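Coordinate inspection notes
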Amino acid sequence: MMKVVLVGCGAMSRQWLDAARQIDGLTIAGLVDLDAERARARAREYDLTDAVIGTSVDAVLDQTKPEAVFDVVVPAARREVAFSAFAHHCHLLTEKPLADSPENAHAIIEAAHRAGRIHAVVQNRRYVANVRRIRRFLDSGAIGKPTSIHADFFVAPHFGGFREEMAHVLLLDMAIHTFDAARYMVAGEPASVYCQEWEPASSWYRQGSSASAVFDFGDGKVFTYAGSWCADGFRTSWEGSWRIVAERGSLLWDGHDGLKAEVVASGRDGIIDKTQPIDVPPLDASDRVGGHLGIIKDFMHAIEAGTEPETRGSDNIKSLAMVFGAIESAETGRRVAIAQETQ
C-alpha cells in the first residue's frame, strides 16, 4: 500500500485521479487546494470519502503522513510544494513543467537530492506508444542516423484561467512536451537555440501564444519547432505533427496513428533517389506506455525498488533548459547557448 497526497485540484487533477484509481495499492490519503470546496468536490467526484481535505500542504502532510506527493499546482507554486514534500520525507511526482524558472528547477532538484527522495515529472508524451516505436526504429539504424527533426503544433484551445494570462504561454506550458519528445526520440543533447515569439491579432492570450525555434541537438542533428495556440483550422494532434529526416530516409508521424517511413532504394528517378516504404515495428513488450497511468506506475516502482524513474527531475531539467533557452532567445533576439545539465 502507498499513501499519497494530491496537491492542486483543478481540471488537470482529473487525469491524475483517473489514473490513480486504476492502480491497486495506491490510496489518495489527502487532497489540498487553496479552494477547499474545490478539493471537497473532487473528493466527492472520486468517492474519496476518507481523504483529508485542506488548504495547507504542511497541515495535510502532518495529518496523513504519506509516502509521496502528487503536485498538480500552477508552475509558480511548484517550488513551495516541493520543499514541503521533501521536508516531510515524501517522494514527489510533479506535473510539467518541473518549475517556473531555472533557479527554482535547480533548487527543487537539489532539495530532492538532499532529502534522498525520488523526484520525477509527468512528461507523459514519452509514454505515447508511437514515441516509443519511433525511438526504437531510429535506434535500429534502419534509415541511418537522424539529421533533422521537425515538429509542428497548431491547436487553438480556449482555456480561460491562468494560461491566458501567462507570459511565454506556449513555450512554458506546452512546448516542453514536444521538446522532451524530440530529445527522447533522437537521443539529442540540446546545445543552443534561436527562437522568435509573436502574438497574432486574433489571439486571446496575453503573450507568447505563437513561436518558432531552431535547436542544435549536437552530433549533426537540428530540431525545428513551429507552434501556435491560436491557430484555428487544420489543427494538429496534441502530440504535434512530425518529420524526421535521416541519412538514408525519412519518417512521418501525424501525431495520431499515421506512422510511416521510407528508405533510400537503388537507382534514381531523374535527379531524385528512389525510395521505398519500410515498416516501423510494433511496440516491444518492454516499451512503457500509458500516459499518466504508466508514469505513476513507474514512479511507484522506483520507490519500491530504489531505482530512478525515466522522467526523473535530474534528467527532465535538460528538456526544461530548452524551454528557458527558447524564452531567453525570444526576449533577447539572439541565439542562446543551452547549458549541458548533468544527471
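About the criteria used
- Residues numbered from 1 in each chain as written.
- Predicted model: local features only at pLDDT ≥ 70, side-chain atom pairs only at ≥ 80, totals over all residues.
- Heavy atoms only, no water.
- Pairing = 2+ DSSP bridges.
- Helix = DSSP H or I, 4+ residues; strand = E, 2+ residues; numbered from the N terminus.
- Axes fitted to C-alpha atoms, helices over the stretch in contact; angles between N-to-C directions.
- 1 Å grid on protein atoms, 1.4 Å probe; cavity = no way out; pocket = protein on both sides within 12 Å on 5 of 7 lines; lining within 4 Å.
- Points joined across faces, edges and corners; volume = space filled by probe spheres on them.
- Nonpolar A, V, L, I, M, F, W, Y, C, P; charged D, E, K, R; others polar.
- Buried < 20%, exposed > 50% of the residue type's maximum accessible area, 1.4 Å probe, protein only.
- Contact = heavy atoms within 4.5 Å.
- Polar contact = N/O pair within 3.5 Å; in protein donor to acceptor, adjacent residues only side chain to side chain.
- UniProt positions renumbered as here; feature names shortened; annotations may be inferred.
- Phe/Tyr/Trp six-rings, centres within 6.5 Å; stacked < 30°, edge-to-face > 60°.
- Lys NZ or Arg CZ within 6 Å of the ring centre and 35° of its normal.

The parallel open sheet is built from 6 strands, whose spatial order is β3-β2-β1-β4-β5-β6. For this open sheet the edge positions go to β3 (52-54) and β6 (119-122), each flanked by a neighbour on one side alone. Pairwise comparison of adjacent strand axes, ignoring direction, gives a mean angle of 25° for this sheet. Sheet analysis places strand β5 (residues 91-95) next to β6, joined by 4 bridges and oriented parallel. Each residue of the ladder has a partner; that of L93, found in β6, is A120.

In this section: the layout of surface pockets. Counted as a void, the largest pocket has a volume near 900 Å³. Residue lining of the largest pocket: 38 residues in total, with G10, V72, V73, V74 and F162 positioned closest to the centre. For the lining of the largest pocket, the elements supplying multiple residues, two or more each, are α1 (13-20), α3 (57-64) and α4 (78-87). In terms of residue count, α4 provides more of the lining of the largest pocket than any other element does, 4 residues in total. Classifying every residue of the lining of the largest pocket gives 18 nonpolar, 10 polar and 10 charged. When residues of the lining of the second largest pocket are traced back to their parent elements, those giving at least two are α5 (102-115) and α10 (313-332). Here the element with the most residues in the lining of the second largest pocket is α5; it accounts for 3 residues. Classifying every residue of the lining of the second largest pocket by side-chain character gives 3 nonpolar, 5 polar and 3 charged.

A separate point is the environment of L26. Note on placement: L26 falls in strand β2 (residues 26-32). Residue classification places L26 among the buried residues on the basis of a relative accessible area of 11%. In the structure, L26 is positioned 24 residues away from M2 in sequence and 5.0 Å away in space, judged by C-alpha atoms. Apart from residues no more than four positions distant in its own chain, L26 is found in contact with M2, V4, A20, F70, I296 and M300.

In this fold, D33 is placed in the loop between β2 and α2 (36-45). Within the local environment of D33, its side chain forms a polar contact with the backbone nitrogen of C9, the two atoms lying 2.7 Å apart. Polar contacts involving the side chain of D33 include one to the side chain of R38, which spans 2.9 Å. Filtering out sequence-adjacent residues up to four positions away, D33 remains in contact with G8, C9, G10, R38, A39, G54 and T55.

We now examine the UniProt feature "domain: Gfo/Idh/MocA-like oxidoreductase N-terminal" (unreviewed entry) in the protein chain. UniProt marks residues 2-121 with the feature "domain: Gfo/Idh/MocA-like oxidoreductase N-terminal" (unreviewed entry), using the numbering shown here. A helix fraction of 42% and a strand fraction of 23% characterise residues 2-121, whose end C-alpha atoms lie 18 Å from each other.

Here we come to the sheet that holds strand β12 (residues 249-253). Here 9 strands make up an open sheet; going across it, the order is β14-β13-β12-β11-β7-β10-β9-β8-β15 and the pairing mixed. Lying at the two open borders of the sheet, with one neighbouring strand each, are β14 (272-278) and β15 (336-337). Both β12 and strand β13 (residues 259-269) contribute to a ladder of 5 bridges, which runs antiparallel. Its bridge partner lying in β13, L251 is registered against A261. On the sheet, helix α6 (residues 129-139) packs against β7 (146-154), β11 (241-246), β12, β13 and β14 and is oriented at approximately 175° with respect to β12. Here helix α8 (residues 175-185) sits on the sheet in contact with β7, β9 (210-218), β10 (221-228) and β11, set at roughly 160° to β10.

Along the chain, K96 connects to P97 via a cis peptide bond; the corresponding omega equals -10°. Here P97 lies in the loop between β5 and α5. Positive phi, normally seen in glycine, also occurs at H168, with a value near 55°. For H168, the location among the structural elements is in the loop between β7 and α7 (169-173).

Take α4 next. Three or four residues apart is the spacing at which side chains of an α-helix point the same way, because the helix has 3.6 residues per turn. By the burial criterion, the buried members of α4 are R78, V81, A82, S84, A85 and F86. Those residues of α4 hidden inside the fold are in contact with β1 (2-7), α3, β4 (68-71), β5, α5 and β6. Once α4 ends, the next one or two residues include H89, with phi positive near 60°.

Applying the stated rule across the entire model yields 12 aromatic pairs. Ring centres 5.0 Å apart and planes at 65° place the aromatic pair F159 and W229 in the edge-to-face group. Remark: W229 occurs in the loop between β10 and β11 and F159 occurs in the loop between β7 and α7; sequence separation between them is 70 residues. Exposure remark for W229: the relative accessible area of 1% places this residue in the buried category. Members of the aromatic cluster, joined through ring pairs, are F179, F215, F217, F223, Y225 and W242. Over the ring of Y127 we find R132; its NZ or CZ atom is 4.8 Å from the centre of that ring. Residue placement shows R135 over the ring face of Y184; its charged tip is 4.9 Å from the ring centre.

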